[in-house]
Amino acid sequence: MSESPFQTEPNPRDRAPQFVLPLVVRIEKADPPARTDALETAARAVLVLLSDERSAGDGEWARAVRDWQDARIRKVVRRARGAEWRRAGALPGITVTGKAAEVRVFPPVPLDGWPKDLAKLQVSGTDLDDPQGPAEPDPGLPVLWMSPQVEMSAGKAMAQAGHGAQLAWWELSDQERAAWRATGFALAVRTAEPDRWRELTASGLPLVRDAGFTEIAPGSCTVVADHPALRRA
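A brief structural summary. (Residues numbered from 1 in each chain as written. Predicted model: local features only at pLDDT ≥ 70, side-chain atom pairs only at ≥ 80, totals over all residues. Heavy atoms only, no water.)

1. A word on the layout of surface pockets
Here the second largest pocket is characterised by a volume of approximately 250 Å³. Elements with a minimum of two residues in the lining of the second largest pocket: α1 (35-51) and β7 (188-191). Each residue belonging to the lining of the second largest pocket can be placed in one class, and the counts come to nine nonpolar, three polar and five charged. (1 Å grid on protein atoms, 1.4 Å probe; cavity = no way out; pocket = protein on both sides within 12 Å on 5 of 7 lines; lining within 4 Å. Points joined across faces, edges and corners; volume = space filled by probe spheres on them. Helix = DSSP H or I, 4+ residues; strand = E, 2+ residues; numbered from the N terminus. Nonpolar A, V, L, I, M, F, W, Y, C, P; charged D, E, K, R; others polar.)

Here you go:
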């Protein structure tokens, strides 16, 4: 099982300056996105930022991404609508779209150094529903399995899905990353049945253990990243 940067045991990461990856989900009053669509889009947004040339080498975001990954891999999801969303869109970042969901991801910022137009956005109010239950994921599709035992707001679940996608990304080879990127980072997010969850958490696949900063208890297992390239024979 992969060591997770989200665990709560003493860790050198805690002594590093702490950064956070901001994500903003567009939630208009009249037409909010479905919960699963928002989770999948947030996970893809994290992968899009990690794979962007600005996040690597001497890219303009590379230093911030390295500093963020040297500490706890914090992600915070805030919501915006109307003029708030337009102001967020004017800041450096990448907007990723799903079936209807829109999520904008920004380069990491210091924990206490959010840009003004993002800092004033609300974290609460991201409760979303699925009007219809999501279908079974296509065979061969990477799946981020959510715990059936941990209740989370949609915003918290979006961050956790992003954590799971990032752990999978870290374990893939360059060739496997390129192949995933070529699909537009196709993936599914689903809640596992209890029996399957027990199997998944013992499978050796990347497992997110939350640090417990918000909503849920420290050490809670929240997501298993089931990428076909990482399955053990």
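2. Description of the nonpolar core
One finds L23, L144 and M158 to be the most contacted residues of the largest nonpolar core, which totals 58 residues. It is α1 that provides the largest number of residues to this core, a total of ten residues. Excluding residues within four positions of it along the chain, M158 makes contact with V25, A38, L39, A42, V77 and V103. (Core = buried A, V, L, I, M, F, W, Y, C linked by side-chain atoms within 4.5 Å. Buried < 20%, exposed > 50% of the residue type's maximum accessible area, 1.4 Å probe, protein only. Contact = heavy atoms within 4.5 Å.)

3. Concerning the side chain of S51
In this structure, S51 sits in helix α1. Here S51 falls in the buried class, since its relative accessible area comes to 12%. Beyond its immediate sequence surroundings of up to four residues, S51 is in contact with W169, R181 and F185.

4. So, helix α2 (residues 62-70)
For α2, every residue scored as buried is listed here: A62, A64, V65 and W68. One side of α2 carries all its buried residues, which in axial view fall inside an arc of 165 degrees. Here the buried face of α2 lies against β1 (19-26), α1, β2 (74-80) and α5 (154-171). (Arc of directions from axis to C-beta.)

5. Looking at the pairing of strand β4 (residues 102-105)
With three bridges joining them, β1 and β4 adopt antiparallel strand pairing. Counterpart to L23 in the pairing with β4 is V105. As defined by bridge partners, strand β3 (residues 94-97) adjoins β4 across four bridges and the pair is classed as antiparallel. Following the sheet pairing, T95 is matched in β4 by R104. Remark: four residues form the turn of the hairpin made by β3 and β4, two consecutive strands paired antiparallel. (Pairing = 2+ DSSP bridges.)

6. Description of the pattern of salt bridges
Under the criterion given, the structure shown has nine salt bridges. With a closest N to O distance of 3.0 Å, R190 and E40 form a salt bridge. Taken as a pair, R190 in strand β7 and E40 in helix α1 lie far apart in primary sequence, 150 residues in all. Where D67 meets R63, a salt bridge forms, and the shortest distance between an N and an O atom there is 3.2 Å. With D67 and R63 both in helix α2, this residue pair falls four residues apart, about one helical turn. Owing to a relative accessible area of 58%, R63 belongs among the exposed residues under this scheme. Connected through salt bridges with shared partners, the residues R26, E28 and E102 form a single ionic network. (Salt bridge = Lys/Arg side-chain N within 4 Å of Asp/Glu carboxyl O.)

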